[in-house]
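Listed below, chain by chain, are the residues.
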Amino acid sequence: MSEREHKEVLIIIPAYNEEKNIGDVLDSLTQAGITEFADILVVNDASTDATNARVKEKGCTLISNVFNMGYGSAIRIGYKWAVRRNYRYVIQMDADGQHDICNIPVIYEKLKTKDAEGHYPDIVLGSRFMEGSKAYPVGGLKKIAYRFLNYVIRKTCGQTITDPTTGLQGLSSRAFLYYSQYHHFDDRYPDADMIIQMKLLGFKLEEIPAVMHERKAGESMHSGLKPILYMIRMCFSVTGVLFRIKVLKQDVEMVKDELMESGD
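The paragraphs below set out a description of the structure included in this document. Throughout this document, residue positions are counted from 1 along each chain, in the order its sequence is written. Where totals are concerned, whole chains, interfaces and linings use all residues; where local detail is concerned, this predicted model gives features only for residues with pLDDT of at least 70, and gives and counts side-chain atom pairs only at 80 or more. Note that water and hydrogens are dropped before the side-chain values are worked out from all heavy atoms of the structure.

We now examine the overall build of the protein. Think of it this way: any DSSP run of H or I at least four residues long counts as a helix, any run of E at least two long counts as a strand, and we number them from the N terminus. The helix and strand inventory of the protein stands at 10 helices and seven strands. For the radius of gyration, the atoms used are the C-alpha atoms, and the globule rule reads 2.2 Å times the number of residues raised to 0.38. For the protein, the C-alpha radius of gyration of 18 Å lies close to 18 Å, the compact-globule estimate for 264 residues. In terms of overall dimensions, the protein has C-alpha extents of about 50 × 50 × 40 Å along its principal axes. Counting over 264 residues, the protein shows a buried share of 50%. Working rule for contacts: check all heavy atoms of both residues, and any pair within 4.5 Å makes them a contact. Across the protein, the fraction of contacts at a sequence separation of at least 24, relative to all contacts at a separation of at least 6, is 76%. Looking at the protein as shown, the accessible area adds up to about 13000 Å², and 53% of this sits on carbon and sulfur atoms. When charges are counted, Lys and Arg contribute as positive and Asp and Glu as negative, whereas His and the chain ends are disregarded. The location of each charge is read from NZ of Lys, CZ of Arg, CG of Asp or CD of Glu. Of the side-chain charges in the protein, 33 are positive and 35 negative, and the distance between the mean point of each set is 4 Å. Remark: exposure states derive from per-residue accessible area (1.4 Å probe, protein chains only) relative to the maximum for the residue type, with buried under 20%, exposed over 50%, and partly exposed in between. Accessible surface is estimated by sampling points in the Shrake-Rupley manner with a 1.4 Å probe; for residues, cover comes only from the protein chains shown.

At least two DSSP bridges between two strands are required for those strands to pair. With mixed pairing, seven strands are arranged side by side in an open sheet as S3-S2-S1-S4-S6-S5-S7. Unpaired on one side and paired on the other, strand S3 (61–64) and strand S7 (205–209) mark the two borders of the sheet. Neighbour to neighbour, the strand axes of the sheet diverge by 20 degrees on average, direction disregarded. Across five bridges, the pairing between strand S5 (residues 123–127) and S7 is parallel. For every element, the axis is a line fit to its C-alpha atoms; helices are fit only across the contacting stretch, and the angle between N-to-C directions ranges from 0 to 180 degrees.

So, on to the side chain of His99. Its location among the elements puts His99 in the loop between strand S4 (89–92) and helix H5 (103–111). Accessibility expressed as a relative area gives 5% for His99, which makes it buried. Distance and chemistry together define a polar contact, namely a pair of N or O atoms within 3.5 Å, with one atom able to donate a hydrogen and the other to accept it when in protein, and with adjacent residues in sequence counting only for side-chain atoms on both sides. One polar contact links the side chain of His99 to the main-chain amide nitrogen of Asp94, over a distance of 3.0 Å. Beyond its immediate chain neighbours, meaning those up to four positions away, His99 contacts Met93, Asp94, Gly167, Leu168, Val211 and Met212.

So, on to a negative patch on the surface. A contiguous patch of negative charge, built from Glu253, Asp257, Glu258 and Glu261, is present on the exposed surface. One can find Glu258 in helix H10 (residues 252–262). Two distance rules govern patches: like charges are joined within 9 Å, and nonpolar side chains (Val, Leu, Ile, Met, Phe, Trp, Tyr) within 5 Å, applied only to residues with over 30% relative accessible area and no salt bridge. Basic side-chain nitrogens of Lys or Arg form a salt bridge, by our definition, when they fall within 4 Å of a carboxyl oxygen of Asp or Glu.

Bringing the pattern of salt bridges into the picture now. The tally for this structure, following the rule as stated, stands at 13 salt bridges. We note a salt bridge from Glu57 to Arg54, for which the minimum N-O separation is 2.8 Å. With Glu57 and Arg54 both in helix H3 (residues 51–58) and three residues apart, the pair spans about one turn of that helix. Through salt bridges with shared partners, a single ionic network connects Lys110, Asp115, Lys204 and Glu206.

Here the focus is H10. Within H10, burial applies to Val252, Val255 and Leu259. When H10 is viewed along its axis, its buried side chains cluster within an angular range of 75 degrees and face the same direction. When the buried face of H10 is taken as reference, the exposed residues oriented beyond 90 degrees from it are Met260 and Glu261. On its buried face, H10 is in contact with helix H7 (173–180) and helix H9 (226–247). The arc in question is the one spanned by the directions pointing from the helix axis to the C-beta atoms.

Remark: nonpolar core denotes a set of buried residues (Ala, Val, Leu, Ile, Met, Phe, Trp, Tyr, Cys) joined through side-chain atoms within 4.5 Å. One finds Tyr79, Val90, Ile123, Leu171, Tyr179, Met198 and Phe203 to be the most contacted residues of the largest nonpolar core, which totals 44 residues. In terms of residue count, H9 provides more of this core than any other element does, six residues in total. Residues in contact with Ile123, not counting those within four places in the same chain, are Gln169, Gly170, Leu171, Ala175, Tyr179, Met198, Lys204, Leu205 and Glu206.

Relative to each other, helix H4 (residues 71–84) and H7 sit at 125 degrees, their axes nearing to 9 Å. The orientation of H4 with respect to H7, classified from their angle, is oblique. Here H4 runs over H7; the crossing is left-handed. Listed contacts from H7 to Arg76, Tyr79, Lys80, Ala82 and Val83 of H4 are Phe176, Leu177, Tyr179 and Ser180. Angular relationships are summarised with four words: roughly parallel below 35 degrees, roughly antiparallel beyond 145, roughly perpendicular across 65 to 115, and oblique for the angles in between. For a crossing to be left-handed, the near helix must be turned anticlockwise from the far one by less than a right angle; the clockwise case is right-handed.

Right, let's talk about helix H6 (residues 140–157) for a bit. Here H6 spans 26 Å end to end across 18 residues, near enough to the 26 Å set by a 1.5 Å rise per residue. Of the positions making up H6, those classed as buried are Ala145, Tyr146, Leu149, Asn150, Val152, Ile153 and Cys157. Viewed along the axis of H6, the buried residues span an arc of 165 degrees, placing them on a single side of the element. The outward face of H6, more than 90 degrees from its buried face, is lined by the exposed residues Ile144, Arg147 and Lys155. Tucked inside the fold, the buried residues of H6 contact helix H8 (192–200) and H9. Gly158 lies just past H6 and shows a positive phi near 80 degrees. One less than the residue count of a helix, multiplied by 1.5 Å, gives the span that helix is expected to have.

Fair warning: the whole summary comes from geometry, so function is off the table for now.
This is the structure:
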């Protein structure tokens, strides 16, 4: 049996113009021993810099988009890869170095741990803002956005999520299988809208405190006035999710039956 057949975790790293950061991220994963239990997939979303070359130098599995398809689409490509190769878990992280490698084993262990009722989590969110998280500076505009999204999630789902835009997540196979299917995942900014969707459909979400750092190089996809456009788009997306699930009842019974059959 090959080494790959023994690994049950796929780490998905979407990357766009991260030539200054991606090499260090991949080195850190190797040096920390993460590759002993996980495979790494980098999805290069049509970067215009040397991101592609940096990944190839490290010998990691690489998918390169011909056109820039967006952050969510890049991650969804990773989900499809995981489904076709029968991975049990996916852990997704950013390519900019903000997500400390020490979070990976913690998320992995959480995915394999039952709660008091005997259920495994479907999605584990790494939070910057829980007790036990490393202090993380946030600008005023982003603070307002986070508080608003926290409020929307709490009112629609009844669960408090402290970090609704975290890109550091762990997923069970049934979660990323659902995400991999057509129209089940936001192709641009899969944040609060996807949390609401999965919670309303009955998937189990948990948060854990995470260690994150500020970006050292490159430009964030939420820089400048982009947060304003992001919030406008997110409001429309959340409304669409609520209409689809609350009014049209799409996928509700299907997911409910699947979750009952799994027994987790």
